[in-house]
Amino acid sequence: MTIAARAHGRVNLIGDHTDYSGGFVLPMTIDAFTAITGDVVVDGSWDLVSDHDPEPLRLESPIDDPSSILPEWGRYVAGVIAEIVATGRQVRGFHGRVDSNLPIGSGLSSSAALEVAVARIATIDEDIDPLELAEICRRAEHRASGVPCGIMDQLCIAAGEPNRPVLIDCTTLAIEHVALPPGARITYEFIAPRRLAGSEYATRVSEARRAADLIGPLRDADITTVESISDPTIRRRARHIVSENRRVLDFVAAMRAGDLSRMGQLMIESHRSMQFDYETSTEIMDEAVERTLREPGVLGARLTGGGFGGCVVTLRRDDV
Ligand code: GLA
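Residues numbered from 1 in each chain as written. Predicted model: local features only at pLDDT ≥ 70, side-chain atom pairs only at ≥ 80, totals over all residues. Heavy atoms only, no water.

A.B. asks: What am I meant to see in the site of the ligand here?
C.D. replies: As a structural note, the neighbourhood of the ligand is formed by Arg10, Asp16, His17, Asp19, Tyr20, Cys149, Gly150, Met152, Asp153, Tyr201, Gly305 and Gly306. In the environment of the ligand, an oxygen atom lies 3.1 Å from a nitrogen or oxygen atom belonging to the side chain of Arg10. Gly306 places a polar main-chain atom, nitrogen or oxygen, 3.4 Å from an oxygen atom of the ligand. In the complex, the protein chains occlude 93% of the 310 Å² of accessible area that the ligand would expose alone. At a threshold of 2 Å from the grid points, most atoms of the ligand map onto the largest pocket. For the shell around the ligand, the residue count by class is 4 nonpolar, 4 polar and 4 charged. (Near = heavy atom within 4 Å. Polar contact = N/O pair within 3.5 Å; in protein donor to acceptor, adjacent residues only side chain to side chain. Areas by Shrake-Rupley, 256 points an atom, 1.4 Å probe, with all protein chains shown as cover. 1 Å grid on protein atoms, 1.4 Å probe; cavity = no way out; pocket = protein on both sides within 12 Å on 5 of 7 lines; lining within 4 Å. Sits in = over half its atoms within 2 Å of the grid points. Nonpolar A, V, L, I, M, F, W, Y, C, P; charged D, E, K, R; others polar.)

See the structure below:
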């Protein structure tokens, strides 16, 4: 039986490095996507070819350690299958192909899109809600890559509606689609491949945890409490997260009020916060943001996603 599934990439409008401490994020799915097509097989094996890699993937069950699978992209596939099996579900075999127009390492969540597409194929006969799908894929990402990511990418991709921003409360996991106001247009531009993202990302996650150990859940903290942290690095990390959570909520309020210039201002502040406090930007990304801000009709621009490279997301007036 031939089946197919696809999952779109995502761009984050505002709210970066806030998901893993239970904060707020506002990503949206983009047109670029990963598609999987092929046939269900009875022997439980997974054979996939990818348009990005000449080396095919072959997986036999059971899968013990997804992080040791080659080729490397197969780790995400293996992670998803292992995590679905861990929920007690039966996963049938599948032979097919992966096609994607999402550039790898671009910060547009190519790995989460692959995970969600695989999870959709593997659970095609099941009634599984987007949140459970996203949680399986998030655990798969941890197992496959060792990167302790939050839920943003997988949940946006599993629950997203094309080109509609989704506000995610990463504590309650409630999601709410929020329309872009008339006159606003979002674009993104790939600037540079990410560097060091894995290890630096894990460092940021542990710094955020240290901050929360000192002042309690960052989502509930205020800036005055943040300033009481004596370690300057942890103080800056906490300042980014606490102010970024506020900016996400202010951005949503500005969207609802149709206040495009306020939205743009908040994106610029968000970039500065990542540049100076969270230190997830790079010189190349900073330059790209500055250059973009000088373009006609641009209201705001910022680095999007995990950082250390990737894409700049831009808010533009749609009549320019
Ligand atoms: C990566 C992670 C997400 C999130 C972003 C930064 O994309 O996968 O969970 O933490 O970085 O906002």
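A.B. asks: What am I meant to see in the sheet that holds strand S8 (residues 184-192) here?
C.D. replies: Each strand in a sheet pairs with another by means of backbone hydrogen bonds, the pair being arranged parallel or else antiparallel. Pairing is antiparallel in the open sheet, where 3 strands are placed in the order S8-S10-S9. Lying at the two open borders of the sheet, with one neighbouring strand each, are S8 and strand S9 (298-304). Put simply, the sheet's adjacent strands are angled 20° from each other on average, direction ignored. Where S8 lies against strand S10 (residues 310-317), 8 bridges are found, and the strand directions are antiparallel. Bridged to Arg185 within S10 is Arg316. Running at roughly 165° to S9, helix H9 (residues 283-293) makes contact with S8, S9 and S10 of the sheet. (Pairing = 2+ DSSP bridges. Helix = DSSP H or I, 4+ residues; strand = E, 2+ residues; numbered from the N terminus. Axes fitted to C-alpha atoms, helices over the stretch in contact; angles between N-to-C directions. Contact = heavy atoms within 4.5 Å.)

A.B. asks: Explain the pairing of strand S6 (residues 166-169) here, please?
C.D. replies: For a regular strand, the rule is simple: side chains alternate between the two faces of the sheet. Burial along S6 is two-sided: Val166 and Ile168 and Leu167 and Asp169, pointing in opposite directions, are all buried. The sheet contact formed by S6 and strand S7 (residues 175-177) spans 3 bridges and is antiparallel. Its bridge partner being in S7, Leu167 is matched across the sheet by Glu176. As consecutive antiparallel partners, S6 and S7 are separated by 5 residues, and within that stretch Leu173 has a phi angle of approximately 65°, a positive value. (Buried < 20%, exposed > 50% of the residue type's maximum accessible area, 1.4 Å probe, protein only.)

A.B. asks: I keep staring at the side chain of Asn12 and nothing clicks. Help me out?
C.D. replies: Mapped onto the elements of the fold, Asn12 is located in strand S1 (residues 2-14). Setting aside residues up to four positions removed in sequence, Asn12 forms contacts with Leu26, Pro27, Met152, Arg302, Thr304, Gly305 and Val313.

A.B. asks: What's the story with the side chain of Arg10 in this structure? I'm lost.
C.D. replies: Mapped onto the fold, Arg10 is located in strand S1. Among the residues examined, Arg10 registers a relative accessible area of 3% and is labelled buried. Engagement of the side chain of Arg10 in a polar contact is seen with the side chain of Ser109, the distance being 3.4 Å. If near-sequence neighbours (up to four positions away) are discounted, Arg10 is found in contact with Pro27, Met28, Thr29, Ile30, Gly107, Leu108, Ser109, Met152, Asp153, Cys156, Ile157 and Gly305.

A.B. asks: I would appreciate a short explanation of the nonpolar core in the present structure.
C.D. replies: Where a protein is soluble and globular, its nonpolar side chains tend to be buried together. If you look at the biggest cluster of nonpolar residues, it comprises 76 residues, and the most contacted ones within it are Leu26, Ile36, Trp46, Leu48, Leu59, Val77 and Phe251. It is helix H2 (residues 110-122) that contributes the most residues to this core, 9 residues altogether. Leaving out residues up to four positions away in the same chain, Ile36 has contacts with Ile3, Ala4, Ala5, Leu48, Phe94, Arg97, Val98, Leu114, Ala117, Val118 and Ile121. By size, the runner-up hydrophobic cluster in this structure holds 17 residues, among which are Val147, Ile229, Ile234 and Ile241. (Core = buried A, V, L, I, M, F, W, Y, C linked by side-chain atoms within 4.5 Å.)

A.B. asks: Teacher, can you tell me more about the pairing of S10 here?
C.D. replies: S10 sits mainly inside the fold: 7 of its 8 residues count as buried. Of the strand pairs in this sheet, S9 and S10 are connected by 6 bridges, and their pairing is antiparallel. Each bridged residue has a counterpart across the sheet, and for Arg302 the counterpart in S10 is Val313. Hairpin connection, S9 to S10: the antiparallel pair is bridged by 5 residues, and Gly305 has positive phi, about 95°.

A.B. asks: Which parts of the structure should I look at to understand the packing of helix H3 (residues 130-145) against helix H4 (residues 152-159)?
C.D. replies: Two packed helices can be described by the angle between their axes and the distance between those axes. Running from N to C, H3 and H4 point in directions that differ by 145°, and their axes come no closer than 8 Å. As H3 runs across H4, the sense of the crossing is right-handed. Taking contact as the criterion, the partners of Pro130, Leu131, Leu133, Ala134, Cys137, Arg138 and Glu141 in H3 are, on H4, Gln154, Leu155, Ala158 and Ala159. Classifying every residue of the contact of H3 with H4 by side-chain character gives 8 nonpolar, 1 polar and 2 charged. (Left-handed = near helix turned anticlockwise from the far one by under 90°.)

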